[in-house]
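Examination of the molecular architecture
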Amino acid sequence: MDKQSLFVQVANLEERIGELYVELGALKQKIVELLEENQRLLRENEFLSESLKAGGNPDIGVGMGNLKRIYDEGFHICSMRYGSLRTEGECLFCLSFINR
Amino acid sequence: MRFQIRQPAIADVVQTVSKAVAVRTTKPVLTGILLELTPQSLTATAYDLELGIQHVLNADDENGLEILEVGSIVLPARYFTDVIRKLPGDTVSVDIQNNYMATIRSGSAEFHLHGIDAAEFPQLPVFRQAHSVQLPSRLLGELIRSTAFAASNLPVRPVLTGILFEFEAAAVRLTATDGLRLATRVASAEDASETPEWTSRSAILPGKSVLELLKILPDGEQLVTLQFTDTHSLFQVGDTSFYTRLIDGVYPDTKRLIPPSYRTEVRVQRELLHDAIDRAALIARDRENHMVRLEVRAEDLVVSSSSPEVGNVSEQVGVEHKSGDDLLIAFNARYVLEALRALPAGVVAVRLNGPNQPFVLTSAETDDNLQLISPVLIR
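All residue numbers here refer to positions counted from 1 along the written sequence of the relevant chain. Written order decides the labels, with chains lettered from A and ligands numbered from 1. Only residues with pLDDT of at least 70 are given local features in this predicted model, and only at 80 or more are side-chain atom pairs given and counted; all residues enter the totals for whole chains, interfaces and linings. Side-chain figures throughout are based on the complete set of non-hydrogen atoms in the structure, without hydrogens or water.

Quick look at the overall build of chain B
Tallying secondary structure elements over chain B gives six helices and 27 strands in all. Once the C-alpha set of chain B is aligned to its principal axes, its extents read approximately 80 × 55 × 40 Å. Taken over 379 residues, chain B has a buried fraction of 54%. Summarising the internal contacts of chain B: among those between residues at least 6 apart in sequence, 67% fall at separations of at least 24. Separation of charge centres in chain B, based on 35 positive and 48 negative side chains, amounts to 7 Å. For the purposes of this entry, the term helix denotes a DSSP run of H or I that reaches at least four residues, the term strand denotes a run of E that reaches at least two, and both are numbered from the N terminus. Working definition: with a 1.4 Å probe on protein chains only, accessible area under 20% of the residue-type maximum means buried, over 50% means exposed, and in between means partly exposed. In what follows, a contact means two residues having at least one pair of non-hydrogen atoms within 4.5 Å. In this charge count, Lys and Arg are treated as positive and Asp and Glu as negative; neither His nor the chain ends contribute. Where a charge lies is defined by one atom per residue type, namely NZ (Lys), CZ (Arg), CG (Asp) and CD (Glu).

Written out as structure tokens, the structure is:
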């Protein structure tokens, strides 16, 4: 195998790896979005079935408990970033809401 | 236009305004520095439409400014700043011909630079009857240094990338938060406007611009005049005017984030606590959240950190005073170190409400400078 074709082959490989890397990044973002959407739909489903069972407004204690659970599962519940994935740590806005 | 000036004087002016030159832009004129010559003064301006800096140089013996023919021109900042800095002679002469070609002479060097018509340069915002406040430069610098680091770098929530300036009765308060920590500092200010309406006004300034402002603030008691309109702010210090756009939006109510009471308070020398956490952070530096633990136990404070791969560290810190319950809390060491550096030297108070609650770092004497940090939950 001559040096030229070897180099071309490596360059092609590099390009393909680069493309794969970009694809992986996009896929990761997609997973985050799906997780968020799934959480939102789960919540909505739960809320609807609960309100159907209760036949009226669910009381505030249950709502607060649910929000606390969503927060513990790793999502923002504050008005700043409601429903988005918490990646950095404990959010001051969410904590102040839970502790109110 | 034609003028002569001492090289250090013009190098200084160009250096000051160059911080506001646009880097990535589709409008070439924004990558330039506007030079305007009147019979008495030379004005240099850079403006990237978000941040603008203008410096007026009046002719005097020190700068040796000699105005030979009035006029104006925009010169490309990238080349003009470096050319001026590297000129060989003590005096510089600049001469603009009709076709926007600048001739810069110094010693035996002669440069020709292509300029742009000054009429294309955008107008700086106009401040007519704006509300104004005066603050000593050193104090304004301290206010910024105590808060700006806590502003967010992420554009997800634009208001959090800004610093909130609030004007209360004879006082100014700066607040910055990224949702994980919050820094707020208050200082008394003099009302310099004709009308007292500036009280209870607020503005969100871009954090990046405020850090640029910090670089041009002199470290003295010289007064800085702050002016605000609904869209822009202006800081005037000496002959330099610093313009910045405001961030549009509503800043979240941060007052409710600060716990009104506390269950445990520990008073400790700032340097002792800072250095102990700095050492403990060495073990945690490769972990994403830089987790360091702080244990309040009887009359002791223990700072510790461990990592399964690296090892562990534990250090006892002498406290000045302790009140309330014992507890163990974990936090991001980087946030606590930055907060401690923003507090004045001496005794600091650490006020805690339990392992899952945000905690406050403040000076033991006064609450003027308050740093709030969210914990890392120990699961």
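Let's talk about unusual backbone geometry
Trans is the common state for peptide bonds, and a negative phi is the common state for residues other than glycine. Residue and element names in this part refer to chain B. Here tyrosine 100, not a glycine, exhibits a phi torsion of approximately 60 degrees, which is positive. When you line up the elements, tyrosine 100 lands in the loop between strand S7 (91-96) and strand S8 (101-106). Using a relative accessible area of 35% as the deciding quantity, one classes tyrosine 100 as partly exposed. Non-glycine residue alanine 298 carries a positive phi angle of around 50 degrees. Within the element layout of this structure, alanine 298 appears in the loop between strand S20 (291-297) and strand S21 (300-307).

Structural notes on the confidence of the model for chain A
pLDDT is defined as a per-residue confidence score from the predictor, taking values between 0 and 100. For chain A, mean pLDDT is 87; residues scoring 70 or higher make up 93% of the total. Mean pLDDT per element in chain A: helix H2 (residues 60-72) of chain A is the minimum at 84, and helix H3 (residues 92-98) of chain A is the maximum at 91.

Quick look at the packing of aromatic side chains
Residues and elements named next belong to chain B. Only the six-membered ring of Trp is used, alongside the rings of Phe and Tyr, when aromatic pairs are assigned; centres must lie within 6.5 Å, and planes under 30 degrees apart are stacked while those over 60 apart are edge-to-face, with the rest tilted. If you walk through the whole model with that rule in mind, you get six aromatic pairs over all chains. Aromatic side chains phenylalanine 165 and phenylalanine 228 sit 6.4 Å apart centroid to centroid with 50 degrees between the ring planes, which places their arrangement in the tilted category. Pair noted here: phenylalanine 165 is in strand S11 (residues 162-168) and phenylalanine 228 is in strand S16 (residues 223-228), with a separation of 63 residues, a long-range link. Note on phenylalanine 165: relative accessible area 0%, which makes it buried. Residue phenylalanine 228 is classed as buried on the basis of its relative accessible area of 5%.

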